[in-house]
Amino acid sequence: MNEFLSLISAFAAGVLLGGMFFGGLWWTVQKVVASDRSAFWLFGSLLLRTGITLAGFYLFARGGWENLTACLLGFIAARLIVTRLTKPAKNQNFTQQESNHAP
């Protein structure tokens, strides 16, 4: 029973880490579009998101490969959730927006 709770907590931690990582990536892309210092935002966000995620995986990997696998599955589940939540509306017309920026 204790091992099952450990796996559930590792999965939940993976979901939180994935939500932070991919949500942060989405937020960064939104910020870069309106910023003059886009390289700073991209590189800083990459370092911060990757550092936090790797530290979280390291923390939960100490329980063994089973916990690491559960954490990774939670991370992947969070990717699917964040991708679905941040999907653009179907009625947006991106070709018209892109044509205004073309030379």
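Cut-off values and rules
Residues numbered from 1 in each chain as written. Predicted model: local features only at pLDDT ≥ 70, side-chain atom pairs only at ≥ 80, totals over all residues. Heavy atoms only, no water. Helix = DSSP H or I, 4+ residues; strand = E, 2+ residues; numbered from the N terminus. Expected span 1.5 Å × (residues − 1). Buried < 20%, exposed > 50% of the residue type's maximum accessible area, 1.4 Å probe, protein only. Contact = heavy atoms within 4.5 Å. Polar contact = N/O pair within 3.5 Å; in protein donor to acceptor, adjacent residues only side chain to side chain. Phe/Tyr/Trp six-rings, centres within 6.5 Å; stacked < 30°, edge-to-face > 60°.

Caption draft 1: Focus on helix 2 (residues 38–61). Taking 1.5 Å per residue, 24 residues should reach 34 Å; helix 2 reaches 34 Å between its end C-alpha atoms and fits that length. Considered for burial, the residues of helix 2 that qualify are S45, R49, T53, G56 and F57. As for helix 2, its buried residues are in contact with helix 1 (2–33) and helix 3 (65–85).

Caption draft 2: Seen up close, the side chain of T28. Tracing the backbone through its elements, the reader meets T28 in helix 1. For T28, the side chain forms a polar contact with the main-chain oxygen of G24, separated by 2.7 Å. Ignoring sequence-local partners within four residues, the contact set of T28 consists of W41, L42, S45 and R49.

Caption draft 3: Main features of the environment of L68. In this structure, L68 sits in helix 3. Overall, the relative accessible area of 35% leaves L68 in the partly exposed class. Residues L68 and L7, 61 residues apart in the sequence, show an inter-C-alpha distance of 8.8 Å. Sequence-distant contacts of L68, defined by excluding residues within four places in its chain, comprise F57, F60 and A61.

Caption draft 4: Looking closely at the packing of aromatic side chains. For the structure on display, the rule yields six aromatic pairs. On the basis of an interplanar angle of 80° and a centroid distance of 5.0 Å, the ring pair of F21 and F22 is categorised as edge-to-face. Judged by its relative accessible area of 16%, F21 falls in the buried class. Judged by its relative accessible area of 16%, F22 falls in the buried class.

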